[in-house]
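The chain contents come next:
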Amino acid sequence: MDNIDIAFLNIEMPLMDGIRLAEQLLELKPDLEIVFVTVYKDHADKAFEMNWIICFVCVL
């Protein structure tokens, strides 16, 4: 993980939601930048509440 600087994650995923995955990744690499990509406004609002998350809402 030393050569990874940024992770693009979907919030809705089949086995684990992206927010939980981000928490686990940040335990391994606290300076990792996280970008969530979602089409769900409620998920975007939730991500914006976390001060370590950059969140973009994609409109399809």
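Before going into details, it helps to say that this report is about the structure given with it.

About the criteria used
Residues numbered from 1 in each chain as written. Predicted model: local features only at pLDDT ≥ 70, side-chain atom pairs only at ≥ 80, totals over all residues. Heavy atoms only, no water. Salt bridge = Lys/Arg side-chain N within 4 Å of Asp/Glu carboxyl O. Helix = DSSP H or I, 4+ residues; strand = E, 2+ residues; numbered from the N terminus. Buried < 20%, exposed > 50% of the residue type's maximum accessible area, 1.4 Å probe, protein only. Pairing = 2+ DSSP bridges. Right-handed = clockwise from strand over helix to strand, strands pointing away. Lys, Arg positive; Asp, Glu negative; His and termini not counted. Contact = heavy atoms within 4.5 Å. Polar contact = N/O pair within 3.5 Å; in protein donor to acceptor, adjacent residues only side chain to side chain. Patch = residues over 30% accessible without salt bridge, like charges linked within 9 Å, V, L, I, M, F, W, Y side chains within 5 Å. Areas by Shrake-Rupley, 256 points an atom, 1.4 Å probe, with all protein chains shown as cover.

1. So, the pattern of salt bridges
Step number 1: Per the stated rule, a full pass over the model turns up one salt bridge.
Step number 2: In this structure, the salt-bridge partner of Glu23 is Arg20, at a minimum N-O distance of 3.1 Å. Highlighted residues: Glu23 and Arg20, both in helix α1 (residues 18–28), separated by three residues, approximately one helical turn.
Step number 3: Taking the relative accessible area as the measure of exposure, Glu23 reaches 30% and is therefore partly exposed.

2. A few points about the pairing of strand β1 (residues 6–10)
Step number 1: By the alternation rule, side chains of β1 split into Ala7 and Leu9, which are all buried, and Ile6, Phe8 and Asn10, of which none is buried.
Step number 2: As paired strands, β1 and strand β2 (residues 33–38) are joined by five bridges and run parallel to one another. In the strand pairing of β2, Ile6 is matched with Glu33.
Step number 3: The β-α-β motif built from β1, the intervening α1 and the parallel element β2 has right-handed crossover chirality.

3. Notes on the side chain of Lys29
Step number 1: Summarising the element assignment, Lys29 is placed in the loop between α1 and β2.
Step number 2: Although Lys29 is buried, it forms no salt bridge, and the closest oppositely charged side chain is Asp31 at an N-O distance of 4.2 Å.
Step number 3: If we ignore the near neighbours within four places in the chain, the residues touching Lys29 are Met1, Asp2, Ile4 and Asp5.

4. As for the environment of Met16
Step number 1: Summarising the element assignment, Met16 is placed in the loop between β1 and α1.
Step number 2: Given a relative accessible area of 30%, Met16 falls into the partly exposed group.
Step number 3: Met16 has contacts with Leu21 and Gln24, leaving out every residue within four places of it along the chain.

5. Thoughts on the environment of Arg20
Step number 1: For Arg20, a relative accessible area of 34% gives the class partly exposed.
Step number 2: Only 3.1 Å separates the side chain of Arg20 from the side chain of Glu23, close enough to count as a polar contact.

6. As for a nonpolar patch on the surface
Step number 1: A contiguous nonpolar patch, built from Met1, Ile4 and Leu28 and spanning about 290 Å² of accessible area, is present on the exposed surface.
Step number 2: On the secondary structure map, Ile4 appears in the segment before β1.
Step number 3: Judged by its relative accessible area of 35%, Ile4 falls in the partly exposed class.

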